[in-house]
Amino acid sequence: MESKVDPTEVFKADHSEEDNEMNSKRQAVDISIERSEKYDKADWKLFIITPYSKWIELETWLKENLPTSIRRSDGVGWISVRYENGRGSFHRSEESNQLEDKGKLAREYWQSIQSHNYESLLDIAARYNIRGGKWLLHLQSHEVDQMWSVIVKALFSGELGSIIKSVKVSPSDDLRKINHRFVPEPCKSHVLCIYTEDIFKKIQVMEVEACVRKLGFWNKLHYKPDISTILGIFLFRKDGINPSMLTSTYDFSSNISRFHDKVLWKYFNVDHNTQPEEENIVEDTWKELTNMTIDTKYTAI
């Protein structure tokens, strides 16, 4: 006799699997946020550029603080160089406490709304005045020391532009886990971050990319808003939200960058040899994006 399947039980089983999957994702997000905050609150190897800083001092510091020679097991979260008014290790400052408070409010609001998309993401960034962002370069251990030195010296000399006040790079990560087990050998990849102050000033964001290309960096670049980190968006989501808003790939032979605007799902090229005709299109794109959250709409919290 053929047995009958109770559709109610099937429905319960399906929803049970969905609930388990959702709980797993929430745990993964919580772990990612906790790890990010842990590294930010750890000690930083920090060089602050002042009007009195000398080139030889910077070179000596760089040699003594190579990303490949410093490990996270030594209690170091990041290696950073910044100007006095740049972003750095703020975990002992009032500014850090304010950002942490705004981050909690932003996460609570994000969890309370139904529609999760780039528009709501940027809405929250403006609502809680979390406007910072960064270009990310993912580097291997055999190249990170040299490339980090190039970026830092460009910051010091002003080759990164006047709007860039802070850069940082991850040390060797020997505390990473795979399947909840520590991996004895340090991770052979590093992330280098070039900070910008305002994700809504898109032309400035693009100008920083151009400066990085002039320094000889051919790597793929990702532009990530701070709000993505604060909300725990570290991987591509089913709702279409990516941690980065913008990516740039570079063709050395033609000196052209190809951008992917993930917010508006548009592709465009920028020719670094000439003033591109597409610049007007790019500017309109940024205006369209910025208009989602008008500066005067919210009072900074």
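The structure reproduced in this document is the subject of the present report. (Residues numbered from 1 in each chain as written. Predicted model: local features only at pLDDT ≥ 70, side-chain atom pairs only at ≥ 80, totals over all residues. Heavy atoms only, no water.)

1. Here we look at the pattern of salt bridges
We count it as follows: Salt bridges are identified by distance alone: a Lys or Arg side-chain nitrogen within 4 Å of an Asp or Glu carboxyl oxygen. The numbering of helices and of strands both runs from the N terminus, where a helix is a DSSP run of H or I of at least 4 residues and a strand a run of E of at least 2. To sort residues, take the accessible area from a 1.4 Å probe on protein chains only and compare it with the maximum for the residue type: under 20% means buried, over 50% means exposed, and anything in between is partly exposed.
Summed over all chains, the structure comprises seven salt bridges. Among the salt bridges present, the one from E209 reaches R213, with a minimum N-O distance of 2.9 Å. Of the two residues, E209 and R213 are both situated in helix α6 (residues 202-214); the distance of four residues between them amounts to about one turn of the helix. Given a relative accessible area of 4%, R213 falls into the buried group.

2. What about the side chain of E209?
Rules: Polar contact is defined as a pair of N or O atoms within 3.5 Å, subject to the rule that within protein one atom must be able to donate a hydrogen and the other to accept it, and that residues adjacent in sequence are counted only when both atoms are side-chain atoms. Two residues form a contact once any of their heavy atoms are found within 4.5 Å.
Take E209: its relative accessible area is 0%, and that puts it in the buried class. A polar atom in the side chain of E209 sits 2.9 Å from the side chain of R213. Among the polar contacts made by the side chain of E209, one reaches the side chain of S248 at a distance of 2.7 Å. Dropping the residues within four chain positions of it, E209 is found in contact with W135, L221, S248, S257, F259 and H272.

3. Topic: the packing of aromatic side chains
To keep it simple, the criterion reads: Here a Phe, Tyr or Trp ring, Trp counted by its six-membered ring, pairs with any other such ring whose centre lies within 6.5 Å, and the pair is stacked when the planes are under 30 degrees apart, edge-to-face when over 60, and tilted otherwise.
Applying the stated criterion to the full structure yields six aromatic pairs. Centre to centre, the rings of F47 and W61 are 5.7 Å apart; their planes meet at 55°, and the pair counts as tilted. With a gap of 14 residues between them, F47 in strand β1 (residues 43-49) and W61 in helix α2 (residues 55-64) connect regions that are remote in the sequence. Each member of the pair, F47 as well as W61, is classed as buried. Between W55 and F156, the ring centres sit 5.3 Å apart and the planes meet at 75°, which makes this aromatic pair edge-to-face. One end of the pair, W55, is in helix α2; the other, F156, is in helix α5 (residues 141-157), and 101 residues separate them in sequence. By relative accessible area, W55 is classed as partly exposed at 37%.

4. Quick word on α2
Filter applied, for reference: This arc describes the spread of directions from the helix axis toward the C-beta atoms.
Along α2, the positions that sit buried rather than exposed are L58, W61 and L62. Down the axis of α2, the sector holding all buried residues measures 100°, keeping them to one side. Of the exposed residues in α2, those oriented more than 90 degrees away from the buried face are I56, K63 and E64.

5. Considerations on the pairing of strand β3 (residues 133-140)
Applicable threshold: A strand pair is defined by DSSP finding two or more bridges across the two strands.
Here β3 lies mainly inside the structure; six of its eight residues are buried. Bridge count between β3 and strand β7 (residues 189-196): eight bridges; the pairing is antiparallel. If you follow G133 over to β7, its bridge partner there is T196. Alignment of β3 against strand β8 (residues 221-225), held across five bridges, turns out to be antiparallel. Paired with K134 across the bridge in β8 is K224.

6. Examining the packing of α2 against α5
Selection rule: Angular values range over 0 to 180 degrees, each being the angle between N-to-C directions of two axes fitted as lines to C-alpha atoms, with helices fitted over their stretch in contact. Relative orientations are named as follows: roughly parallel for angles under 35 degrees, roughly antiparallel for angles over 145 degrees, roughly perpendicular for angles from 65 to 115 degrees, and oblique for any other angle. Left-handed describes a crossing whose near helix is turned anticlockwise from the far helix by less than a right angle; the clockwise case is right-handed.
One can describe the packing of α2 onto α5 by two numbers: an axis separation of 11 Å at closest approach and a directional angle of 155°. By the angle between their axes, α2 is roughly antiparallel relative to α5. When you trace α2 past α5, the crossing you get is right-handed. Contacts between α2 and α5 pair W55, L58, E59, W61 and L62 from the former with W148, S149, V152, K153 and F156 from the latter.

7. A few points about unusual backbone geometry
Its identity is not glycine, yet N255 carries a phi of approximately 60°, on the positive side. Its location among the elements puts N255 in the loop between β9 (246-251) and β10 (256-261). Of note, W265 is a non-glycine position whose phi angle comes to about 50°, a positive value. Assignment of secondary structure puts W265 in the loop between β10 and β11 (266-271).

Functional significance is not addressed by these values, which are geometric in nature.
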